[in-house]
Amino acid sequence: MLLSISGFKLGSNSKSVFKRSVPDGSWKRILITGIIIFLLVFGGLELFWRVNGHLPSVVDDYDLWSYYRHRVYDNGVKTVVLLGASRIQLDISTGMLKKIFPDYLIIQLAVDGRQPIAVLKDLANDKCFKGIVICSMFAGWVGKENLYSQQDYVKYYHENSNPFKRLNRLIMSYVQEYFVIVDPYLQLKRILLKYKESGKLPGPRYLITKRDRSRMADYSLINVSEQQKYRIKRIGELYKKNPPMAPKEWLKHAAKIGRYVKRITERGGKVVFIRLPSTGKHWELDNKFYPKKEYWDKIASVTGACTIHFQDISGMKQLVCPDTSHLDYRQAPLFTRVMAEEFLKQHIIEVLTKSAPRFPAAKPRGIGAPRIGAPSRKATS
Amino acid sequence: MLFNSYVFILFFIIVLFLHNLPLKWHLKKTNLLCASYFFYSAWNPPFVFILWTSTVVDWFVGLYLYRVRNNLARNLLLAVSLCVNLGLLCFFKYAGFLLEGFAALMKFYHLDFKPCSPDIILPVGISFYTFQTLSYTLDIYQRRIKPWHSFLDYALYVTFFPQLVAGPIVRASDFLPQCIRVCKATWNQMAWGISLFVLGLFEKIVVADGLLAPVSDAIYNTCGYPDFVSSWCATFAFSGQIFCDFAGYSTCAIGVAMCLGFSLPDNFNYPYASVGFSDFWQRWHISLSSWLRDYLYFPLGGNRCGILRNNYNLMMTMLLCGLWHGASWTFVAWGGLHGLYLVAQRALKTTVPDFSIWRTTLSKIIFAFLTYLLVSFAWVFFRSKTFDQAFLMIQTMLGMGSKTPGLYLCPMDVYVTVLLTSLIFVIHWSMKDRSLEKIAERVPAWLISVIVAGMLVLIVTLAGEDRAFIYFRF
């Protein structure tokens, strides 16, 4: 059966094998020169943006979320999963939390602008998950349609995510963490548009996403009073559009969430609902429409979860949110430290002798303190 | 695993390293085969079984087809291969479409039949590898080739990862003879292969995804009535996008194969400089159009019969070509429109006298532009999700829109599209009779280095949203 090439093609005596030609010239030298020029330009651009105050930021997407969702089993019961929206991404310093509880794996699963109960439900239904859930909650979310608005992330993880996509996203997040130039914010088309609009190159952005999906906001880079006005206006409109539910009805809805808490606690896990700070007029509106006594203070008894409200803890209460809703990155380590102390107090995180918590210093600093990227960055993150 | 992903780069470095180890040739081929299965299973591991089924069935059918002399037995064997390959294709790709069609037919006869959605996931690249294995069987059936002696080589031919999921659809006679001697790229070949890979990525990431896709998406993915300029721009943007997307994939595939010492044939030859539609189909997705020509159009009778029969053959081939691209009537309409173009061109050729003026450069440029325009016009059916959307686009493109437009492209998108569309046309026209290799030989080395560096910089700084290659769907 063994064939010569000429015998393979019937009716042809050709012994030639299809072969593509390579153009004349030393392609090895050409390619190496090309790569060197590329590296020089790449380095130059990177330096240019860095000098102009830009810092790397990771693109947060479904695949990155899926990568961390997949890791919730990696450390068994010593896993802390953070759920919520933008507040928990900005207010909690995962770096500080890791330093305080070095034996614990911290997983950030919050999604900006969306409410977290779909993920809580997913973890509750996942029999392999036995860790601790810290879920950022706000009384006004309960019973509302978009309480499950993170469902598409859960769906993507279960239906579309695979090890290769997760690995690809992991490699990509490392590249994005180290190089400013790969940030889509500095994509050439956007730069040109920005330049055409304002005659300026894009300035450093105040919000940066880290590889672990936590975020850092540097409010010294933006007009804070405008942000405050915008947020107050927005929250006022939201309350007008969605008037609060009567406490009785609200409690019924809250009790439904309790099912998920029960499933996790029955497996040895824990669920903590935490109300993260909002300040000034924002907090006044929150408390006016959802008085703490009538709503939040009943969550623990209805759901069976541990609860922490920033108003109950002096260390948290004294912090001021620059935009009325989120903490600056310089405040996040202190907030995290206070929160960790509360975890220990409430026995949410059991500390074994081997893994005694270490509390690194985290002094509150004003917004005028050195910005992200300055030498203090590592300590603060 | 996409070519435009970090994980592919990592995978390819490992494969390249293993391929260059001092091992025996059959071990290297086994390595490549395993890598190819691994590459394919990255999408959905169970689908490797479909690939195996197609491979094994055609291997044995090929063997027996050559041994058996009885015509009935030969036809039966061919039927087995056709049933398995086309059956798999029909089940995974067309089940929903066929059910919908059946339900519509029942409705026509006032019978209430509501089929449940089959919810079948389409195995990536199934249209490509089933056509590739079929071509092996059909070549043996038509006594063009003998069965190959090594199953390992044959399995590698079906599964070779650079071309597995989106072509080119390689013929056994082009690939299998390469498996006899050790394929190992020289440094020069490898550097040229990497340069091709960079060029392919540039076409895909920068031109298709970064610049053109947002323009076509802005109109085709949004509800509303676009104005005249926006609808033409979006259509031309898609025209450029699909070329750069698919030609980019093919260029990457050729480059990756070259780094491993293998040669894959060209799949595109500057199609937007075609003068006429038969020229277009000799330059666009060459491996598919030649497959359809050899295994469908010629067996139907080709052009060796009367005018009517010839036109029927053309229409049939193009309608099936449309259907191959996707299980939707809009794809069939796209194929049908191309069939009509070909029929009309043939009719014009026989009726209009052959004046010398047609052969001047200016006339050729005008005809090429007209071809580009009509080809782009046909893409409307390819890009639109529904006929309603396609007809709305056509209405606005012909200036017959009855409603007040409310969907506009921003001026920058219009400029970018006009610039890139013109650039694509000029580049295709100026390079249409020359190969990339010949052009590369004439450009100074330093300039090529600068071009490679420029493409790499733009890949990094102009990357758009991550998108899969369009032809993965087919």
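Structure's up top.
Only a predicted model underlies this, so the values are computations on that prediction, with no experimental measurement involved.

Each value, and the rule that gives it
- Residues numbered from 1 in each chain as written.
- Chains lettered and ligands numbered in written order.
- Predicted model: local features only at pLDDT ≥ 70, side-chain atom pairs only at ≥ 80, totals over all residues.
- Heavy atoms only, no water.
- Helix = DSSP H or I, 4+ residues; strand = E, 2+ residues; numbered from the N terminus.
- Rg over C-alpha atoms; globule rule 2.2 N^0.38 Å.
- Buried < 20%, exposed > 50% of the residue type's maximum accessible area, 1.4 Å probe, protein only.
- Contact = heavy atoms within 4.5 Å.
- Areas by Shrake-Rupley, 256 points an atom, 1.4 Å probe, with all protein chains shown as cover.
- Axes fitted to C-alpha atoms, helices over the stretch in contact; angles between N-to-C directions.
- Parallel < 35°, antiparallel > 145°, perpendicular 65-115°, else oblique.
- Nonpolar A, V, L, I, M, F, W, Y, C, P; charged D, E, K, R; others polar.
- Salt bridge = Lys/Arg side-chain N within 4 Å of Asp/Glu carboxyl O.
- Polar contact = N/O pair within 3.5 Å; in protein donor to acceptor, adjacent residues only side chain to side chain.
- Bend = angle between axes of the 7 residues up to and from the residue.
- Phe/Tyr/Trp six-rings, centres within 6.5 Å; stacked < 30°, edge-to-face > 60°.
- Lys NZ or Arg CZ within 6 Å of the ring centre and 35° of its normal.
- Pairing = 2+ DSSP bridges.
- Patch = residues over 30% accessible without salt bridge, like charges linked within 9 Å, V, L, I, M, F, W, Y side chains within 5 Å.
- Lys, Arg positive; Asp, Glu negative; His and termini not counted.
- Charge placed at Lys NZ, Arg CZ, Asp CG, Glu CD.
- Disulfide = S-S within 2.5 Å.
- Expected span 1.5 Å × (residues − 1).

### Examining the overall build of chain B
On a plain count of helices and strands, chain B comes out with 19 helices and zero strands. In summary, chain B has a C-alpha radius of gyration of 23 Å against a globular reference of 23 Å for 474 residues, a match within 12%. Principal-axis analysis of the C-alpha atoms gives chain B an extent of 65 × 65 × 55 Å. Within chain B, the fraction of its 474 residues that count as buried is 58%. For chain B, the share of sequence-separated contacts (at least 6 apart) that also reach a separation of at least 24 residues comes to 78%. In the form shown here, chain B has an accessible surface area of approximately 20300 Å², with 70% of it arising from carbon and sulfur atoms.

### Brief notes about the packing of helix α6 (residues 117-125) of chain A against helix α7 (residues 151-159) of chain A
When two helices pack together, their arrangement is given by the angle between the helix axes and by the axis-to-axis distance. Residue and element names in this part refer to chain A. Running from N to C, α6 and α7 cross one another at 40 degrees; their axes reach a closest spacing of 7 Å. Relative to α7, the element α6 is oriented oblique. Here A118, V119 and D122 of α6 come into contact with α7, specifically with Q151, V154 and H158. Considered class by class, the residues forming the contact of α6 with α7 number three nonpolar, two polar and one charged.

### Some words on the interface of chain A and chain B
Between chain A and chain B, the contact holds 45 residues from the first and 63 residues from the second. Where chain A touches chain B, the interface holds three salt bridges. Residues A:R20 and B:D266 are paired through a salt bridge, measuring 2.8 Å at the closest nitrogen-oxygen approach. At the surface where chain A touches chain B, the tally comes to 13 residue pairs in polar contact (both at pLDDT 80 or more). Taken together, the elements giving at least two residues each to the side of chain A that touches chain B come down to α1 (5-8), α2 (27-51), α8 (163-178) and α9 (188-198) of chain A. Across the side of chain A that touches chain B, the residue classes break down as 30 nonpolar, nine polar and six charged.

### A word on helix α9 (residues 187-220) of chain B
Along its length, α9(B) reaches its greatest deviation from straightness, about 50 degrees, at B:A213, and the proline B:P214 lies no more than four positions downstream. Of all 34 residues that make up α9(B), 28 are buried, and the element is covered over most of its length.

### Digging into the packing of aromatic side chains
With the rule as written, the count across this model stands at 79 aromatic pairs over all chains. Look at B:F331 and B:F382: their rings are 4.9 Å apart centre to centre, the planes differ by 90 degrees, and that puts the pair in the edge-to-face class. Within this pair, whereas B:F331 is found in helix α14 (residues 329-351), its partner B:F382 is found in helix α15 (residues 361-383), the two being separated by 51 residues in sequence. Among the residues examined, B:F331 registers a relative accessible area of 11% and is labelled buried. Among the residues examined, B:F382 registers a relative accessible area of 6% and is labelled buried. Across from the ring centre of B:W187, 5.2 Å away, lies the NZ or CZ of A:K28, which sits over that ring. A:R211 extends its terminal NZ or CZ atom over the ring of A:Y174, reaching a point 3.9 Å from the ring centre.

### Things to note about the sheet that holds strand β3 (residues 132-136) of chain A
All names here are of chain A. If you trace the five strands from one edge of the open sheet to the other, you get β2-β1-β3-β6-β7, paired in parallel fashion. In the strand order of this sheet, the two ends are held by β2 (105-108) and β7 (306-309), each with one partner. Across the sheet, the axes of successive neighbouring strands diverge by a mean angle of 20 degrees, strand direction being ignored. When strand β6 (residues 270-275) meets β7, the two strands line up parallel, connected through four bridges. Bridging across to β7, I274 finds its partner in I308.

### Here's the deal with the pattern of salt bridges
Residues and elements named next belong to chain A. Enumeration over the complete set of coordinates arrives at 34 salt bridges over all chains. The salt bridge involving R337 is made with E341; its shortest N-O contact spans 3.7 Å. You can see R337 and its partner E341 sitting in helix α15 (residues 332-345), four residues apart, about one turn around the helix. Residue R337 is classed as partly exposed on the basis of its relative accessible area, which comes to 23%.

### A look at a positive patch on the surface
Residue and element names in this part refer to chain A. Positive charge collects at one region of the surface, where K121, K256, R259 and R263 lie side by side. It is helix α11 (residues 247-266) that provides the largest number of residues to the positive patch, a total of three residues. Topologically, R259 is positioned in helix α11.

### Section: the environment of A:P243
With respect to the helices and strands, A:P243 occurs in the loop between α10 (224-241) and α11. The spacing of A:P243 and A:G140 is 103 residues in sequence and 9.2 Å in space, taken between C-alpha atoms.

### Quick look at the pairing of β6(A)
Residue and element names in this part refer to chain A. In terms of residue burial, β6 counts as a mostly covered element, since five of its six residues are buried. Judged from the five bridges that link them, β3 and β6 form a sheet pairing that is parallel. Bridge assignment links I134 to a residue of β6, and that residue is V272.

### Regarding the packing of helix α4 (residues 71-108) of chain B against helix α5 (residues 126-141) of chain B
All names here are of chain B. Across the interface, α4 lies against α5 with an axial gap of 10 Å and an inter-helix angle of 175 degrees. Judged by the inter-axis angle, α4 sits roughly antiparallel to α5. For the pair formed by α4 and α5, the contact residues are R74, N75, L78, S81, L82, N85, L86, L88, L89, F92 and K93 on the first element and I126, S127, T130, F131, T133, L134, T137, L138, I140 and Y141 on the second. Along the lines of polarity and charge, the residues of the contact of α4 with α5 split into twelve nonpolar, seven polar and two charged.

### A few points about the state of the cysteines
Residue and element names in this part refer to chain B. Taken as a whole, this structure holds zero disulfides over all chains when the rule is applied. Of all cysteine sulfurs in the structure, the one in C83 sits closest to C90, which takes part in no disulfide; the separation is 9.9 Å. Cysteine C233 remains unbridged, with the sulfur of C410 as its closest cysteine sulfur at 10 Å. A relative accessible area of 7% places C233 in the buried class.

### A closer look at the environment of A:R87
Residues and elements named next belong to chain A. Here R87 shows up in helix α4 (residues 86-91). Judged by relative accessible area, R87 falls into the buried class, the value being 13%. The spatial distance from the C-alpha of R87 to the C-alpha of V17 is 64 Å, given a sequence separation of 70 residues. Here R87 is in contact with I92, R275, L276, P277, S278, H282, D286, S325 and H326, once residues within four sequence places are set aside. Among the polar contacts listed, one links the side chain of R87 to the backbone oxygen of S325, at a separation of 3.1 Å.

### Section: a nonpolar patch on the surface
Taken together, the side chains of B:L348, B:V352, B:F355, B:I357, B:W358, B:F367 and B:L370 make up a nonpolar region of the molecular surface, amounting to roughly 630 Å² of accessible area. By the element assignment, B:L370 lies in helix α15.

### What to know about α2(A)
Its 25 residues place the ends of α2(A) 36 Å apart at the C-alpha level, agreeing with the 36 Å of an ideal helix rising 1.5 Å per residue. What α2(A) keeps buried is the set A:W27, A:I30, A:L31, A:G34, A:F38, A:F42, A:E46 and A:W49. Where α2(A) is buried, its residues contact α8 and α9 of chain A together with α9, α18 (436-442) and α19 (445-461) of chain B.

### A look at unusual backbone geometry
Even without being glycine, A:R213 reaches a positive phi, approximately 80 degrees. Along the chain, A:R213 falls in the loop between β4 (207-209) and β5 (215-217). The class for A:R213 is buried, based on a relative accessible area of 0%. Here the phi dihedral of B:H285 falls at roughly 40 degrees; this positive angle occurs in a residue that is not glycine. Structurally, the position occupied by B:H285 is in the loop between α11 (277-281) and α12 (286-300).

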